[in-house]
Amino acid sequence: MTNAAVRPRDSLPKTLRPGSRAWIFFLLSVRNVLRNARRSLLTAAAMTFGLAVLLWIRALTDGAHESWVTGAVRIGTGHVAIQAPGFARSGRLTDRLSAAQLDTAEAALRAPDVAPLIRAIAPRLEVSGLASSAEAAVPARIEAVDPAAEAVFSSLPASTVGGSFLAPGDRLAAYVGVGLARRLALGVGSRMVLTAQGASGDITGQLVRVVGTFQSGVPEIDEGLVYVPIATARAWLGTPAAATTLAVLLRSSYATERVARAVRRRLPSGIAVLAWQEAAPELASAVKIDDWSGYAFLAILYVIVALAILNAVLMSVLNRRREFGVLQALGLTARETGWVVFTEGVVLSAASGILGIVIGLSVTWLLWRHGMDFTALMGSGDITFSGALVSPVIVPVFRVQQVLFCLAATLVIGVVASLYPARAAGRIDVAEAMKFDR
Amino acid sequence: MSDDNVVVRTQDLWKIYPQEPEPVQAVRGVTLEIARGEFVAMAGPSGSGKTTLLNLLGGLTRPTRGTVEVAGKDLTALSNRALAALRLESIGFVFQAYNLLPVLSALENAEFPLLLRGLPAEERRRRVLGIFGDIGMEGLENRLPGKLSGGQQQRVAVARAVVGEPALVLADEPTANLDSAASGALLEMMEHLNREYGATFVFATHDPRVTERAHRLIRLVDGAVESDVRQDDQRRPPAAP
């Protein structure tokens, strides 16, 4: 028996393609996240806290590495060292850059894609030799520098403990480490003789007067380094207008590879370009090891966070079996039902990620933008590392790349942790899920 | 019965659940046809297979053997995706526990099938509000399910089931959680929708109020059809003017 007189039906459109339902899943997901406010907040809190800690640790780790690297390169050969091939290994004057090569290198450093990244350029003529006074003679590393350029480049001028750093126009002047001065019984105004092998191969000496002494805190530098004006050394060693190294100090260590690559591209093969990682491989290894041990720690932290998310989302799925059954009864496919859960996880992760970034950056910036002081942990003695004094104050470094990495890590964790619950939601037995609990 | 007029056709339909110590035969060899616009009740004691048969007709579970056709399509031959599309376009469900989506308002719940079918918002609202007017849900459109009584939630569930103008509406114990006044109102509403929209209703029920008002009563015992009776029009209340 049927009803013949029924209302005429308007024709309804065919079902849309499933892809166009994405915004429906998004709507449901956002509503579900908001509906279970307490659960969502707890899950989000775990992710937000994890990301905030991750950002804080990365900012401090990067800050510490920047401090190590900057400290080492300002005393050493800069972030990028331009040298004659072979000098790094031989350390001999025969492996030096000519005036023409120096001009070529300086022109490359003036290129518009490189110049803005550079803080200072310092030509140096470095030889190993002997420093002697009336009291004693000790081996020394003699660095002939441009006083004006070095005042900006090196951290040693700021470590003066007696007299002053070399001044532009100084001729027969020397700036020596306190350890060396002590061993040679030198004071400001004392005379000393520097002896080294000149360009001709002959041993040659130069009388200089101590104008200042410095204390870097690094024993091997304080006991073995002498700075002299480069003009004096060029005349003394017979290397007019030459240098063994054109040291380049950058505004950020993170630009090293970019600058080295750009300069290398512009220079002929007779000029070597070394990044600090090549010039100081032990420091590069230390940074890398520290980085990876940090990542390992953070990976453990994130596995714990992922398990918390997995637990929260899975519990939610188990508690909402009937809801997912209804969605499938209404016409969603199993995969689409899984998408609803997956989208929920992604929405929650994205919201937590953004919140985590805001909190992580804000807290780190507000509390430690001027640096986090670890003096109490380091004790009273100086700590040196790879030829540089380690500062007890670590200033956090914020980088867009780092923030994006942390956000991506959080999203990946959220996505991975949502996959299994999404799969579980899609695989429910609809008829079983719809059973009424009597 | 001509093929054009048949909404549901089953042929030797079986559902056996593998279970220890021996499999459970929930539905045993059911063969039946239901015509467009029928108001059918399937009754029987608990465990007689009513809900399982309803799930088979709705494509929520697949038969162990036999065939089910709904709106001319053999459900057993459809992929899961095609089955989902058929449920959306041709089948409406009303459940004992209402099963509204808790995060959507009454209106959003009712329009959900139309949303999935891609109808514009204005058209969705027009259709839902028309039905809400018919079933006395005006003014409650924006309430969440948690803020509605059981009877109101079931009305929304019925509106959701019929809004897409499906060939078949399957209702599993729709009055079981309602008091007698709400049950009566709900049945009247469904009869009205049956008359006005030509919707085919199939109920699984224990409720004598439903079985008395059905045009056709199918009794199930132990998963098999014991009787299939077309009831006298006189026993049913007069149609609304």
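None of these values were measured; they are calculated from a predicted model.

### Observations concerning the overall build of chain B
At step 1: For chain B, the helix and strand inventory stands at seven helices and ten strands.
At step 2: Per-residue burial for chain B yields a buried fraction of 51% across its 241 residues.

### Some details on the packing of helix 2 (residues 37-75) of chain A against helix 13 (residues 334-368) of chain A
Residues and elements named next belong to chain A.
At step 1: At their nearest, the axes of helix 2 and helix 13 sit 7 Å apart, and the two run at 45° to each other. When the interaxial angle is binned, helix 2 and helix 13 end up oblique. The interaxial crossing formed by helix 2 with helix 13 has right-handed handedness.
At step 2: Taken together, the residues that form the contact of helix 2 with helix 13 break down as 14 nonpolar, nine polar and no charged.

### Examining the interface of chain A and chain B
At step 1: Taken together, the 31 residues of chain A in the interface contact 39 residues of chain B.
At step 2: For the side of chain A that touches chain B, the secondary-structure elements that each account for two or more residues are helix 1 (22-35), helix 12 (321-329) and helix 16 (430-433) of chain A.
At step 3: Taken together, the residues of the side of chain A that touches chain B sort by class into 16 nonpolar, eight polar and seven charged.

### Description of the sheet that holds strand 7 (residues 168-172) of chain B
Residues and elements named next belong to chain B.
At step 1: Spatially, six strands are ordered 6-7-8-3-9-10 in an open sheet, and the strand pairing comes out mixed. The outermost strands of the open sheet, each flanked by one partner alone, are strand 6 (91-94) and strand 10 (224-230). The mean inter-strand angle of the sheet, taken between neighbouring strand axes irrespective of direction, is 15°.
At step 2: Of the strand pairs in this sheet, strand 3 (residues 39-43) and strand 8 (residues 200-205) are connected by five bridges, and their pairing is parallel. In the strand pairing of strand 8, Ala43 is matched with Thr205.
At step 3: Here helix 1 (residues 50-57) sits on the sheet in contact with strand 3, strand 7, strand 8 and strand 9 (216-221), set at roughly 150° to strand 8.
At step 4: Packing against the sheet, helix 5 (residues 150-163) makes contact with strand 6 and strand 7, and its axis sits at approximately 170° to strand 6.

### What about unusual backbone geometry?
All names here are of chain B.
At step 1: The step from Glu20 to Pro21 runs through a cis peptide bond, and the omega angle for that step is 5°.
At step 2: Mapped onto the fold, Pro21 is located in the loop between strand 1 (6-17) and strand 2 (24-35).
At step 3: Even without being glycine, Glu165 reaches a positive phi, approximately 50°.
At step 4: Looking at the element boundaries, Glu165 is found in the loop between helix 5 and strand 7.

### Focus: the environment of Leu129 of chain B
At step 1: Within the secondary structure layout, Leu129 of chain B lies in helix 4 (residues 121-135).
At step 2: A C-alpha to C-alpha distance of 9.4 Å links Leu129 of chain B and Ala110 of chain B, two positions 19 residues apart in sequence.

### Describing the sheet that holds strand 4 (residues 65-70) of chain B
Residues and elements named next belong to chain B.
At step 1: An order of 2-1-4-5 is seen for the four strands of this open sheet, with the pairing classed as antiparallel. Strands with a single pairing partner mark the edges of an open sheet, and in this sheet they are strand 2 and strand 5 (73-74).
At step 2: Note that strand 1 and strand 2 share eight bridges and pair antiparallel. If you follow Val8 over to strand 2, its bridge partner there is Ile34.
At step 3: Across the sheet, helix 1 lies against strand 1, strand 2 and strand 4, angled at about 55° from strand 2, the strand it touches most.

### Considering the packing of helix 12 of chain A against helix 13 of chain A
Residues and elements named next belong to chain A.
At step 1: For the pair helix 12 and helix 13, the least separation of the axes is 9 Å and the interaxial angle reads 135°. When the axis of helix 12 is compared with that of helix 13, the two are oblique. Between helix 12 and helix 13 the crossing geometry is right-handed. Contacts between helix 12 and helix 13 pair Phe324, Leu327 and Gln328 from the former with Ala334, Thr337 and Val340 from the latter.
At step 2: Of the residues assigned to the contact of helix 12 with helix 13, the class counts are four nonpolar, two polar and no charged.

### Looking at the environment of Arg28 of chain B
All names here are of chain B.
At step 1: Looking at the secondary structure, you find Arg28 in strand 2.
At step 2: A tally of 18 C-beta atoms within 10 Å means that Arg28 is categorised as partly exposed.
At step 3: Considering only alpha carbons, one finds Arg28 and Gly223, 195 residues apart in sequence, at a separation of 5.1 Å.
At step 4: Residues in contact with Arg28, not counting those within four places in the same chain, are Trp14, Asp222, Gly223 and Ala224.

### Section: the confidence of the model for chain A
At step 1: On average, chain A scores 86 in pLDDT, and the residues at 70 or more come to 92%.
At step 2: Below a pLDDT of 50 lies the segment residues 1-9 of chain A, which in the model reaches 18 contacts outside its immediate sequence neighbourhood of four places, other chains included.

### Structural notes on the nonpolar core
At step 1: The biggest cluster of nonpolar side chains holds 191 residues, and the ones touching the most others in it are Ala174 and Val226 of chain A together with Ala159 of chain B.
At step 2: The leading source of residues in this core is helix 2 of chain A, at 15 residues.
At step 3: The residue makeup of this core includes at least three contributed by each of domain 1 (20-69 + 285-431) and domain 2 (77-279) of chain A.
At step 4: When near neighbours in sequence (up to four residues on either side) are disregarded, Ala174 of chain A contacts Met192, Val208, Arg209, Val210, Val211, Val226, Tyr227 and Val228 of chain A.

### Here's the deal with the environment of Leu186 of chain B
Residues and elements named next belong to chain B.
At step 1: Mapped onto the elements, Leu186 comes out in helix 6 (residues 180-197).
At step 2: Measuring from C-alpha to C-alpha, the distance between Leu186 and Thr175 comes to 7.7 Å, with eleven residues separating the pair along the chain.
At step 3: Excluding residues that lie within four positions of it along the chain, Leu186 makes contacts with Gly151, Gln154, Arg155, Val158, Pro174, Thr175 and Leu178.

### Comments concerning the confidence of the model for chain B
Residue and element names in this part refer to chain B.
At step 1: Chain-level pLDDT for chain B is 89 on average; 95% of the residues reach the 70-or-more range.
At step 2: Across residues 237-241 the pLDDT falls below 50, and counting only partners more than four positions away or on other chains, this stretch makes three contacts in the model.
At step 3: Scored as a complex, the prediction yields pTM 0.69 and ipTM 0.89.

### Focus on the pairing of strand 2 (residues 118-132) of chain A
Residues and elements named next belong to chain A.
At step 1: Examined bridge by bridge, strand 2 and strand 9 (residues 245-250) share six bridges and lie antiparallel to one another. Looking at the pairing, Ala122 lines up with Ala247 of strand 9.
At step 2: Summarising the sheet, strand 2 and strand 3 (residues 137-145) pair through nine bridges and their orientation is antiparallel. The residue bridging Leu130 from the neighbouring strand is Pro139, located in strand 3.
At step 3: Between the end of strand 2 and the start of strand 3, which pair antiparallel, lie four residues.
At step 4: Two strands pair when backbone bridges link them, and strand 2 and strand 6 (residues 191-197) are joined in this way by four bridges, in the antiparallel orientation. Looking across to strand 6, one finds that Leu130 is bridged to Thr195.

### Brief notes about helix 8 (residues 230-237) of chain A
All names here are of chain A.
At step 1: The set of residues buried in helix 8 consists of Ile230, Thr232, Ala233, Trp236 and Leu237. All buried residues of helix 8 fall inside an arc of 155° around its axis, so they share one side.
At step 2: The inward-facing, buried residues of helix 8 contact strand 2, strand 3, strand 6, strand 7 (203-214) and strand 8 (225-229).
At step 3: Of the residues trailing helix 8, Gly238 is marked for its positive phi of about 75°.

Conventions we followed
Residues numbered from 1 in each chain as written. Chains lettered and ligands numbered in written order. Predicted model: local features only at pLDDT ≥ 70, side-chain atom pairs only at ≥ 80, totals over all residues. Helix = DSSP H or I, 4+ residues; strand = E, 2+ residues; numbered from the N terminus. Buried ≥ 20, exposed ≤ 12 C-beta atoms within 10 Å, placed from the backbone. Axes fitted to C-alpha atoms, helices over the stretch in contact; angles between N-to-C directions. Parallel < 35°, antiparallel > 145°, perpendicular 65-115°, else oblique. Left-handed = near helix turned anticlockwise from the far one by under 90°. Nonpolar A, V, L, I, M, F, W, Y, C, P; charged D, E, K, R; others polar. Contact = placed C-beta atoms within 7 Å. Pairing = 2+ DSSP bridges. pLDDT = per-residue confidence, 0-100. Core = buried A, V, L, I, M, F, W, Y, C linked by C-beta atoms within 7 Å. Domains from an automatic or database assignment. Arc of directions from axis to C-beta.

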